[in-house]
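Structural features, examined
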Amino acid sequence: MLQNPPDSLTVWQEAEQKWKQSINLLESIPEDSFIYPESQDRLKIYRTNHEAVVKKNRQRN
């Protein structure tokens, strides 16, 4: 979605929401799940991406 950065604020806001939804899903994975370690690795990446999109949205407003 953001490989070729769009100019539309709406698209960036949608991207922010999708990153947040993904973060929420990863955070809901129980510690005793076999995918928990991978989910924690992905959480770091997703949080970084989410923060970048949030920052970009603030700059655009």
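Described below are features of the structure shown in this document. (Residues numbered from 1 in each chain as written. Predicted model: local features only at pLDDT ≥ 70, side-chain atom pairs only at ≥ 80, totals over all residues. Heavy atoms only, no water.)

Once that is clear, we can look at the pattern of salt bridges. A complete count under the given rule lists 2 salt bridges for this structure. Of the charged contacts, one joins Glu27 and Arg47 as a salt bridge, the two residues approaching to 2.5 Å between their closest N and O atoms. One end of the pair, Glu27, is in helix α1 (residues 9–27); the other, Arg47, is in helix α2 (residues 36–60), with 20 residues separating them in the sequence. (Salt bridge = Lys/Arg side-chain N within 4 Å of Asp/Glu carboxyl O. Helix = DSSP H or I, 4+ residues; strand = E, 2+ residues; numbered from the N terminus.)

Here α1 contains 19 residues, and its C-alpha end-to-end distance of 27 Å stays within 8% of the 27 Å for a straight helix at 1.5 Å per residue. What α1 keeps buried is the set Trp12, Ala15, Ile23 and Leu26. All buried residues of α1 lie within an arc of 75° about the axis, which places them on one face of the element. Those residues of α1 that are exposed and aimed more than 90 degrees away from the buried face are Thr10, Gln17 and Leu25. Residues of α1 that are buried in the fold lie against α2. The N-cap of α1, judged by a side-chain oxygen 3.3 Å from the amide nitrogen of Thr10 a few residues on, is Ser8. (Expected span 1.5 Å × (residues − 1). Buried < 20%, exposed > 50% of the residue type's maximum accessible area, 1.4 Å probe, protein only. Arc of directions from axis to C-beta. Contact = heavy atoms within 4.5 Å. Polar contact = N/O pair within 3.5 Å; in protein donor to acceptor, adjacent residues only side chain to side chain.)

Moving on: the nonpolar core. Ile23, Leu26, Ile29, Leu43 and Tyr46 together form the largest nonpolar core, which totals 5 residues. Those elements that place two or more of their residues in this core are α1 and α2. Beyond its immediate chain neighbours, meaning those up to four positions away, Ile23 contacts Leu43, Tyr46, Arg47 and His50. (Core = buried A, V, L, I, M, F, W, Y, C linked by side-chain atoms within 4.5 Å.)

So, about the environment of Lys20. Locating Lys20 in the fold gives a position in helix α1. Considered as a pair, Lys20 and Glu51 are 31 residues apart in the sequence and their alpha carbons are 9.7 Å apart.

Glancing now at the environment of Arg42. Mapped onto the elements of the fold, Arg42 is located in helix α2. Given a relative accessible area of 38%, Arg42 falls into the partly exposed group. Note: C-alpha distance between Arg42 and Ser22 (20 residues apart in sequence) is 9.7 Å.

A separate point is the side chain of His50. As for its position among the elements, His50 is in helix α2. Contact partners of His50, with chain neighbours within four places excluded, come to Glu16, Trp19, Lys20 and Ile23.

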